[in-house]
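# Reading the structure
Listed here are the chains, written in short residue letters.
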Amino acid sequence: MGYSAEQMVRAALAQFPNAEVPVVLLARAVKREQLADAVERAAASEAIIAHTLVDVERRRELLELARERGVPAVDLIGPLLDQIAAKLEIAPLGEPGRYMAHERSYRERMAAIEYTLAHDDGAHPEDWGRADILLVGVSRVGKTSLAMYLAVLGRKVANLPLVAELAAPRELFALERGRVIGLTIGLPQLIELREWRQSRLGVRLESSYSSVAALSEE
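From a predicted model like this one, the values you see are computed outputs, not experimental measurements.

### Some points on the overall build of the protein chain
When you go through the protein chain residue by residue, the secondary structure sums to eight helices and five strands. Ordered by position from N to C terminus, the α and β elements of the protein chain give α-α-β-α-β-α-α-β-α-β-β-α-α. Sequence separation of 24 or more characterises 66% of the internal contacts of the protein chain that already satisfy a separation of 6 or more. Put simply, the protein chain shows about 14600 Å² of open surface, and 55% of that area lies on carbon and sulfur atoms.

### Describing the nonpolar core
The tendency in soluble globular proteins is for nonpolar side chains to be buried as a group. Core analysis: the largest hydrophobic core is formed by 10 residues, namely Ala 29, Leu 35, Val 39, Ala 42, Ile 49, Leu 53, Leu 62, Leu 65, Ala 66 and Val 71. Contributing elements (two or more residues each) for this core: α2 (32-44) and α3 (56-69). When neighbours within four sequence positions are excluded, Ala 42 is seen to be in contact with Ala 47, Ile 49 and Val 71.

### Some thoughts on the sheet that holds strand β3 (residues 133-137)
Pairing within the open sheet is parallel, and its three strands lie in the order β4-β3-β5. The strands lining the two open edges of the sheet, one partner per strand, are β4 (157-161) and β5 (180-182). Mean inter-strand twist for the sheet, computed between neighbouring axes without regard to direction, equals 25°. Of the strands in this sheet, β3 and β4 are in contact with helix α6 (residues 143-152), which crosses β4 at around 175°.

### Side note on a nonpolar patch on the surface
Together, Leu 80, Ile 84, Leu 88 and Ile 90 make up a nonpolar patch on the protein surface, roughly 390 Å² of accessible area in all. For Ile 84, the position within the fold is in helix α4 (residues 78-88).

### Digging into the pattern of salt bridges
Applying the stated criterion across every chain yields a total of 11 salt bridges. The salt bridge involving Arg 32 is made with Glu 61; its shortest N-O contact spans 3.9 Å. Of this pair, Arg 32 sits in helix α2 while Glu 61 sits in helix α3; the two residues are 29 residues apart in sequence, bridging distant segments of the chain. Taking relative accessible area as the criterion, Glu 61 reaches 7% and is therefore assigned buried. The network of salt bridges with common partners includes Arg 32, Glu 57, Arg 58, Arg 60, Glu 61 and Glu 64.

Conventions and cut-offs
- Numbers given to residues run from 1 along each chain, matching the order in which its sequence is written.
- Residue-level local features of this predicted model are given only where pLDDT is at least 70; pairs of side-chain atoms are given and counted only at 80 or more, and the full residue set underlies all totals for whole chains, interfaces and linings.
- Side-chain descriptors were evaluated using all non-hydrogen atoms of the structure, hydrogens and water having been removed beforehand.
- A helix here means a DSSP run of H or I that spans at least four residues, while a strand means a run of E at least two residues long, and both kinds are numbered starting from the N terminus.
- When checking whether two residues touch, look at their non-hydrogen atoms; a contact exists if any pair is within 4.5 Å.
- Per-residue accessibility takes into account occlusion by the displayed protein chains alone, with areas from the Shrake-Rupley method and a 1.4 Å probe.
- Nonpolar cores are built from buried Ala, Val, Leu, Ile, Met, Phe, Trp, Tyr and Cys residues. Side-chain atoms within 4.5 Å join them into one set.
- When accessible area is computed with a 1.4 Å probe and restricted to protein chains, residues below 20% of their type maximum are described as buried, those above 50% as exposed, and intermediate ones as partly exposed.
- Pairs of strands are assigned from DSSP output, requiring at least two bridges between the strands.
- Helix axes are fitted only over the stretch in contact, all axes being lines through C-alpha atoms; the angle between N-to-C directions runs from 0 to 180 degrees.
- Residues with no salt bridge and a relative accessible area higher than 30% make up the patches, which join like charges within 9 Å and nonpolar side chains (Val, Leu, Ile, Met, Phe, Trp, Tyr) within 5 Å.
- Whenever Lys or Arg places a side-chain nitrogen within 4 Å of a carboxyl oxygen from Asp or Glu, that contact is recorded as a salt bridge.

Laid out in structure tokens, this is it:
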């Protein structure tokens, strides 16, 4: 009963490779009628119930119903919760679905990071419509670092470097204005960052990439 229980049962069944055992998943069983129905179905098919009910009252009800019908019921999480509670001297919340909510949030953050990495530096403008935010600005204004920070928070972020000699992609103007964020920076700070970047790359400092006149125009 429940996704966590299913994973544990399948892990156990992997130790019996020659046995064909059907696994029936009953998720979000929170009412006594649902528990009673599950017990009746198990009794009819001579099945075992494995559950991860975190609510103490629901757990007690299920064990009581199973005992009345002679159905084996294995509590996969209750003893562990009791041990942790005793060790921490804190009562568990007993709220179902908290693990799945955490997993869903984790998967959403991972998807946001993957999207952001794939849409760095103006890549794949045809897919900007899926972005929560599009950051635009000149080179070295901090687009990539800010994009990754926002991605860790769960935002899908693309970024576009603005280059004076190149026209912006037409996809930029098709986006909702509220999702396009322009980043600015002071000229002295930008010059310092550009010169540092050039020194790291071994490029001569007289380049227009870091000259005051060129950056003022940019």
